[in-house]
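As a plain string of letters, each chain reads:
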Amino acid sequence: MKQLLIVYASQTGHTLQLVDALCLPLLPLCAELHIHRLPAAEAGLDDLLAADAIVLATPENFGYMAGKVKDFFDRTYYPAQGKTEGLPYLMLVSAGNDGLGALQAMRRIACGYGWKEVLPPLLAQGEVLPQHRERAMELGELLAAGMLVGRW
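These figures come from a predicted structure and were not determined experimentally.

1. Some details on the packing of helix H1 (residues 14-23) against helix H5 (residues 130-148)
So, step 1. Between H1 and H5, the shortest axis-to-axis distance is 7 Å and the interhelical angle comes to 45°. Here H5 runs oblique to H1, going by the angle between their axes. Considering the relative orientation of H1 and H5, their crossing is right-handed. Within the contact between the two elements, H1 uses Gln17, Leu18, Ala21 and Leu22 and H5 uses His132, Arg133, Ala136, Met137, Leu139 and Gly140.
So, step 2. Residue classes in the contact of H1 with H5 are distributed as 6 nonpolar, 3 polar and 1 charged.

2. As for the pattern of salt bridges
So, step 1. Scanning all chains against the criterion turns up 5 salt bridges.
So, step 2. Between Asp71 and Arg75 there is a salt bridge, with the nearest N and O atoms lying 2.7 Å from each other. Taken together, the residues Asp71 and Arg75, both in helix H3 (residues 67-80) and 4 residues apart, mark about one turn of the helix.
So, step 3. Owing to a relative accessible area of 32%, Asp71 belongs among the partly exposed residues under this scheme.
So, step 4. On the accessibility criterion, Arg75 (33% relative accessible area) is partly exposed.
So, step 5. Arg107 is paired through a salt bridge with Glu117; the nearest N and O atoms lie 2.7 Å apart. Here Arg107 is found in helix H4 (residues 100-113), whereas its partner Glu117 is found in strand S5 (residues 116-117), with 10 residues between them in sequence.
So, step 6. Given the relative accessible area of 33%, Arg107 is considered partly exposed.

3. Details of the layout of surface pockets
So, step 1. Each pocket or cavity is described by its volume, and for the largest pocket that value is around 160 Å³.
So, step 2. In this structure, the largest pocket is lined by Tyr8, Ala9, Ser10, Gln11, Pro39, Ala40, Ala41, Pro59, Asn61, Ala66, Gly67 and Lys68.
So, step 3. A per-class count over the lining of the largest pocket returns 7 nonpolar, 4 polar and 1 charged.

4. Observations concerning the UniProt feature "domain: NADPH-dependent FMN reductase-like" (unreviewed entry) in the chain
So, step 1. Here the UniProt-annotated "domain: NADPH-dependent FMN reductase-like" (unreviewed entry) positions come out as residues 13-116.
So, step 2. Helix makes up 42% of residues 13-116 and strand 22%, with an end-to-end C-alpha separation of 27 Å.

Definitions and cut-offs
Residues numbered from 1 in each chain as written. Predicted model: local features only at pLDDT ≥ 70, side-chain atom pairs only at ≥ 80, totals over all residues. Heavy atoms only, no water. Axes fitted to C-alpha atoms, helices over the stretch in contact; angles between N-to-C directions. Helix = DSSP H or I, 4+ residues; strand = E, 2+ residues; numbered from the N terminus. Parallel < 35°, antiparallel > 145°, perpendicular 65-115°, else oblique. Left-handed = near helix turned anticlockwise from the far one by under 90°. Contact = heavy atoms within 4.5 Å. Nonpolar A, V, L, I, M, F, W, Y, C, P; charged D, E, K, R; others polar. Salt bridge = Lys/Arg side-chain N within 4 Å of Asp/Glu carboxyl O. Buried < 20%, exposed > 50% of the residue type's maximum accessible area, 1.4 Å probe, protein only. 1 Å grid on protein atoms, 1.4 Å probe; cavity = no way out; pocket = protein on both sides within 12 Å on 5 of 7 lines; lining within 4 Å. Points joined across faces, edges and corners; volume = space filled by probe spheres on them. UniProt positions renumbered as here; feature names shortened; annotations may be inferred.

In C-alpha cells, the structure reads:
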C-alpha cells in the first residue's frame, strides 16, 4: 500500500480547507492509498521515512512558511539526509499576500532533501474560494493517480 504524508499548519482554517479538499477524492482509495495527515508539530522522521509522497500545506506568515512547518523541516532534515531523495512532493499555500516567499522557502528546503516537485503548487490568495477547493481536489486526484500507477 502506498503512503501519502500530508504535513500542514493552519491557524485561521484556510490551509485546513485546502487539505480537506485535497483529501476528499482520496477517501475511496483507502484500500490502495494510506493517507497519513498530520499537523506539522506532530509529524516526525518516521512519518517522513514511511512516505511515498508528501504534501506540504502552510499559511503564509510574514512572507514565509508557518513556523511549525519550518520546525518539521528542522527536526527531520539532517536525520533524513540521503533517505528521502526523489520523494514526490506538492505544496499548498494559503496567503494573505502573494505567497511566493513561502513557496520559494519550501522549494529551497525540498531541494536540499533531494525531493521532486511533481505538480504545480496551489496558491490561494485571500479567502479560500470554491475554485481553490476544486483545484485542491484535482491536485489530490492527480497526485494519487501518479502514485498508484508508479509515475512517481
